[in-house]
Structure formats: structure tokens, C-alpha cells
Amino acid sequence: DAGVIQSPRHEVTEMGQEVTLRCKPISGHDYLFWYRQTMMRGLELLIYFNNNVPIDDSGMPEDRFSAKMPNASFSTLKIQPSEPRDSAVYFCASSPWMGQNYGYTFGSGTRLTVV
Amino acid sequence: QKEVEQNSGPLSVPEGAIASLNCTYSDRVSQSFFWYRQYSGKSPELIMSIYSNGDKEDGRFTAQLNKASQYVSLLIRDSQPSDSATYLCAVNMPPGMNTGFQKLVFGTGTRLLVSP
């Protein structure tokens, strides 16, 4: 099992540019989560999917952020246009179940820097 | 009040000592609790979960839960320099007023430093 795979590992972009982050969950995991981590706010849940369907996007900061999951093995998080305050580490995580007894498995993250 | 609160640290302990990490949470309806370890520049890694009041032991790690006090702790016995990391407390929050869905909420983490 290769775990949760994210790409790219690092992304440096200029303000105003579009950024796309990618994630491949663990096979068989029905839940996929996008988190953002900053020093000030810690890990924040942005959005999660169940069986490819977005369930809760209340954590998405604003309309510049969008996420899709076209199939069970792929998800994207897009920021358009990007701003310096979007600089953070973005983690994707997956879980086989949303039940209370399951923790999540995280990918290695994408460190985004917007200059 | 934050949903999950942790002291940011750093908590410094000598090698071989017991490290005690603490966490409080706001919603008394929460039923499941997790501890993650995060090394610098790495992703969070699940190390313990606990659902019932009392202690749960796994090797050198012991998780403690007191639902009445809304308090979770992690004890690390015989601390090693390799335990130096940030420890994140995570609480499975039930559906709230703003969202009808449960979610895993993380504290900002406690940085642990174990000196040789």
C-alpha cells in the first residue's frame, strides 16, 4: 500500500496565479479530506468527500478555493487566484470510514508559497 | 473557546523521563479522541486512539481520557530523543449548528523536546 499520495511536494507561485494540488487516496478508502496547516491556526479542515461526493465544504475559506473528486482515486484542490495569505502546507487524508473509531491517514503534504 | 486546546510548549524532558501532554475539548458530546505525532516537515501520524474513560496503553504510550472534565492526555514513558516532535490532539466533533456533519478537529499541537 503506497499510502496517500500528494503532488507536488512544493509549489512556489506568484500572486494571482492558479494553483492545483493533487491527491490520490488509499485504495478502498471512501472518505477523503483536505486540510490546511499554518503555524497560527494549526490544521484546519477545508472540505471532505464521501464516495467522490463533497459532503462538507464549510471550511473552504472563500470562492477562490474549489475542490473536485472526479473518481475514487483522484482529487484536486484548486486556488484561483492565489494570494500570499494562502501560503501553508496542504494535506490530503483518507479514511475507510467516518465512524467515530477511525483516525485518518495523511499524505506527505504540499508546501505552497505564494509570493 | 477553541474547540480543542493544547499548550504549544515546548515541553522539555530529559531522556528516560515521562512526558505528559495534555488536551482539553469544548464539546462534551464528543466520543472519540486521537493523538497524532508530527515530525518537523512531515505529515501527522496516528499513534493512539481512545474512546472510553480511563487509560489505554500501547507500548511506551498511555492515553488517558476523562469525559467529565473534557480532558485527554498522552503519557510517554522512557522518553527518547526520537520522540521529539509535535503531538497533535484530535477530537471527533459531532454535528454542530453550522454544519450537520461530524468532523475531526485538531489542536495546534504541543512541541516535545527530549534531551539526551
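This is a predicted model, so every value here is computed, not measured.

## A word on the interface of chain B and chain A
With 19 residues of chain B at the interface, the matching set in chain A holds 21 residues. Summed over both partners, the interface of chain B with chain A comes to about 1,700 Å²; 55% of that surface belongs to carbon and sulfur atoms. For the side of chain B that touches chain A, the secondary-structure elements that each account for two or more residues are strand 4 (33-38), strand 9 (85-93) and strand 10 (103-106) of chain B. Tallied by class, the residues present in the side of chain B that touches chain A amount to nine nonpolar, eight polar and two charged.

## Some points on the packing of aromatic side chains
This model, assessed by the stated rule, comprises twelve aromatic pairs over all chains. Look at Y31(A) and Y48(A): their rings are 6.4 Å apart centre to centre, the planes differ by 45°, and that puts the pair in the tilted class. On the criterion of sequence distance, the pair formed by Y31(A) in strand 4 (residues 31-38) and Y48(A) in strand 5 (residues 42-50) is long-range, its members being 17 residues apart. Here Y31(A) matches Y48(A) in class, with each residue buried. Here F91(A) and F106(A) contribute two aromatic rings whose centre-to-centre distance is 6.0 Å and whose plane-to-plane angle is 90°, an arrangement assigned as edge-to-face. One end of the pair, F91(A), is in strand 9 (residues 88-95); the other, F106(A), is in strand 10 (residues 105-106), with 15 residues separating them in the sequence. When its relative accessible area of 1% is taken as the criterion, F91(A) is described as buried. According to the relative accessible area criterion, F106(A) is buried, its value standing at 7%. One aromatic cluster is present, formed by Y35(A), F91(A), F106(A), Y36(B) and F106(B) through successive ring pairs. One Lys or Arg, R60(B), reaches over the ring of F61(B) and ends 5.7 Å from the middle of that ring.

## Focus: the pairing of strand 9 of chain B
Residues and elements named next belong to chain B. The buried fraction of strand 9 is high, at eight of nine residues. In this sheet, strand 9 lies alongside strand 4 in antiparallel orientation, the contact comprising six bridges. The residue of strand 9 that forms the bridge with F33 is V91. Examined bridge by bridge, strand 9 and strand 11 (residues 110-115) share three bridges and lie antiparallel to one another. Bridge pairing links T86 to R111 in strand 11. Note: strand 9 against strand 10, four bridges, orientation antiparallel. Bridge pairing in strand 10 links A90 to F106.

## Concerning the sheet that holds strand 8 (residues 74-79) of chain A
Residue and element names in this part refer to chain A. If you trace the four strands from one edge of the open sheet to the other, you get 1-3-8-7, paired in antiparallel fashion. The open sheet has two free edges, formed respectively by strand 1 (5-7) and strand 7 (65-71), since each of these has just one partner strand. For this sheet the average axis-to-axis angle between neighbouring strands, irrespective of direction, equals 15°. With three bridges connecting them, strand 1 and strand 3 (residues 19-24) associate as antiparallel partners. Its bridge partner lying in strand 3, I5 is registered against K24.

Calculation notes
Residues numbered from 1 in each chain as written. Chains lettered and ligands numbered in written order. Predicted model: local features only at pLDDT ≥ 70, side-chain atom pairs only at ≥ 80, totals over all residues. Heavy atoms only, no water. Contact = heavy atoms within 4.5 Å. Buried area = accessible area lost by both parts, 1.4 Å probe. Helix = DSSP H or I, 4+ residues; strand = E, 2+ residues; numbered from the N terminus. Nonpolar A, V, L, I, M, F, W, Y, C, P; charged D, E, K, R; others polar. Phe/Tyr/Trp six-rings, centres within 6.5 Å; stacked < 30°, edge-to-face > 60°. Buried < 20%, exposed > 50% of the residue type's maximum accessible area, 1.4 Å probe, protein only. Lys NZ or Arg CZ within 6 Å of the ring centre and 35° of its normal. Pairing = 2+ DSSP bridges. Axes fitted to C-alpha atoms, helices over the stretch in contact; angles between N-to-C directions.

Honestly, that's just the spatial picture; any functional story needs more than this.
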